[in-house]
2 protein chains.
Amino acid sequence: MKDADRAKRIKNGRGTAGSRAAARRATEEAILKAAETVFAEAGFGGATMQLIADMAGLPKANLHYYFETKEALYRRVVERIFNIWLQAADVFDEAAGPAEGIGAYIDAKMEISRRHPNGSKVWASEVMHGAPVIQDYLETTLRAWTEGRAKVIRRWIAEGKMTDVDPHHLLYMLWATTQHYADFGHQIETLNGGKPLTDAQWEAAKASVKGIVLRGIGVA
Amino acid sequence: MKDADRAKRIKNGRGTAGSRAAARRATEEAILKAAETVFAEAGFGGATMQLIADMAGLPKANLHYYFETKEALYRRVVERIFNIWLQAADVFDEAAGPAEGIGAYIDAKMEISRRHPNGSKVWASEVMHGAPVIQDYLETTLRAWTEGRAKVIRRWIAEGKMTDVDPHHLLYMLWATTQHYADFGHQIETLNGGKPLTDAQWEAAKASVKGIVLRGIGVA
DNA sequence: TCTTTTTCTGACCGTATGGTCAGGTTGGGT
DNA sequence: ACCCAACCTGACCATACGGTCAGAAAAAGA
């Protein structure tokens, strides 16, 4: 609702940007944000356009003005988190060695789990159901990305900079451990006495994951 | 369909067990198995009783004779995988130290990911959506189990048998990495050239996970 | 000011869903 | 042979869903 109001303010020329294009962007953003939440909480099948509309503060019919179908809206939500992850991987390439590269990658992915838990959940849900909507991404972008990173890891191993481990299984472990804090956040919260992790606890989580993984590959 | 046929054969007295109770068990089992598959593939919201009925080879109305509601059926499916996991944790307690205990626990959980991927997915889905159905399990059984295991880990640390790491974060890592092979099995399969992991690849996965984790806690 | 384009919305529609039920069938107990 | 409880099922129902549409409202352009 707050988001839709802000969009309306922008639209009415009383906001920071008065242009029509800016208003459209703002409304789309409000819808996407609401959709991310609803899809994460209810799954694709359990989510309803009505719920998304309510959360975005718009009539349902208006949703279909911005996004043709439920599936199209869903696809946009999934693409979003995927691109965020891809961007986070830049730290991997710029690193001189595994301690720095993998350490920074863990930090980056943990931070995403903290700030975009719903996006992570939507992605997990999509993959768990056989990736009916983004299978092409898996086969093209993700595969290429994975092979590229595996190559880097193999080079580090060849240079004696880390223990000889299977690069793919190492990557799976990085994805699994970092995304777990988003996807299973509710379980972690319950085991934490029903309270979300504090800042200090998030830092401890990061340190724990990095500690075990980096020692596990012989760079700490 | 095969399962329902077998149930019918049992019911007709031409199977291994002719008793009415056995027939009931067999039909329930067929329904639970079908439900696990459908819930895993479509999520709770996307799953339909009709689909489950078709897969179990029964008319839809018959499902409601065995399970009152969709939610009751779902709950049984979730309870199932949870109990399997609890049982797998026995190896943890019987161990003399972390190398043996945690190593065996990883093996056991990897084996479950391989044999019950659908159950794992249903559980993941349930937790991701805020555990609307099994929240009580999280707060009672799972919490007690976790605290018990954390205590064991702390003792091992105190005895100098492993590196000082936060027991909770270690457990989360174990859950995350092992369940990832079930929950994200489709992604792993895609990155494996579209083919499921072979026996040898599963062994390599187990060895990789164990290697990194055990080195990471200083017991290898 | 008048026209045109974009944005917005209440009311509506066909479909599919979870669940019900009356009545039929079967098989063990006596 | 008979009965009764357990088992099974086609047909049905109320509801809620994704999506459509005619037309109102608002903004941009002239």
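Residues numbered from 1 in each chain as written. Chains lettered and ligands numbered in written order. Predicted model: local features only at pLDDT ≥ 70, side-chain atom pairs only at ≥ 80, totals over all residues. Heavy atoms only, no water.

(A) Structural context of the interface of chain A and chain B. Chain A puts 53 residues into the contact, and the matching count from chain B is 53 residues. A per-residue breakdown of the area chain A buries against chain B is headed by Met128, Leu191 and Ile212 of chain A, which together make up 17% of the total. Connecting chain A to chain B are zero salt bridges. Taken together, the elements giving at least two residues each to the side of chain A that touches chain B come down to α2 (20-46), α8 (117-128), α9 (135-158), α10 (167-183), α11 (185-191) and α12 (199-216) of chain A. Broken down by element, the residue count for the side of chain A that touches chain B peaks at eleven residues, all from α10 of chain A. Its residues placed into classes, the side of chain A that touches chain B shows 25 nonpolar, 21 polar and seven charged. (Contact = heavy atoms within 4.5 Å. Buried area = accessible area lost by both parts, 1.4 Å probe. Salt bridge = Lys/Arg side-chain N within 4 Å of Asp/Glu carboxyl O. Helix = DSSP H or I, 4+ residues; strand = E, 2+ residues; numbered from the N terminus. Nonpolar A, V, L, I, M, F, W, Y, C, P; charged D, E, K, R; others polar.)

(B) Structural detail: the nonpolar core. Ile102, Trp123 and Leu170 of chain A together with Ile102, Trp123 and Leu170 of chain B are the most contacted members of the largest nonpolar core, which has 136 residues in total. Those residues within four positions of Ile102 of chain B in sequence are excluded, and the remaining contacts are Phe92, Trp156, Leu170, Leu174, Val213, Leu214 and Ile217 of chain B. (Core = buried A, V, L, I, M, F, W, Y, C linked by side-chain atoms within 4.5 Å. Buried < 20%, exposed > 50% of the residue type's maximum accessible area, 1.4 Å probe, protein only.)

(C) Up close: the UniProt feature "DNA-binding region" (unreviewed entry) in chain A. Those residues carrying the UniProt feature "DNA-binding region" (unreviewed entry) are residues 48-67 of chain A in this numbering. Helix makes up 75% of residues 48-67 of chain A and strand 0%, whereas the separation of the span's terminal C-alpha atoms amounts to 14 Å. (UniProt positions renumbered as here; feature names shortened; annotations may be inferred.)

(D) Representation of the pattern of salt bridges in the model. All names here are of chain A. Taken as a whole and judged by the stated rule, the model has 28 salt bridges over all chains. A salt bridge links Glu111 to Arg115; the shortest N-O distance between them is 3.3 Å. Remark: Arg115 and Glu111 occur in helix α7 (residues 98-115); sequence separation between them is four residues, near one turn of the helix. The exposure class assigned to Arg115 is exposed, which follows from its relative accessible area of 62%.

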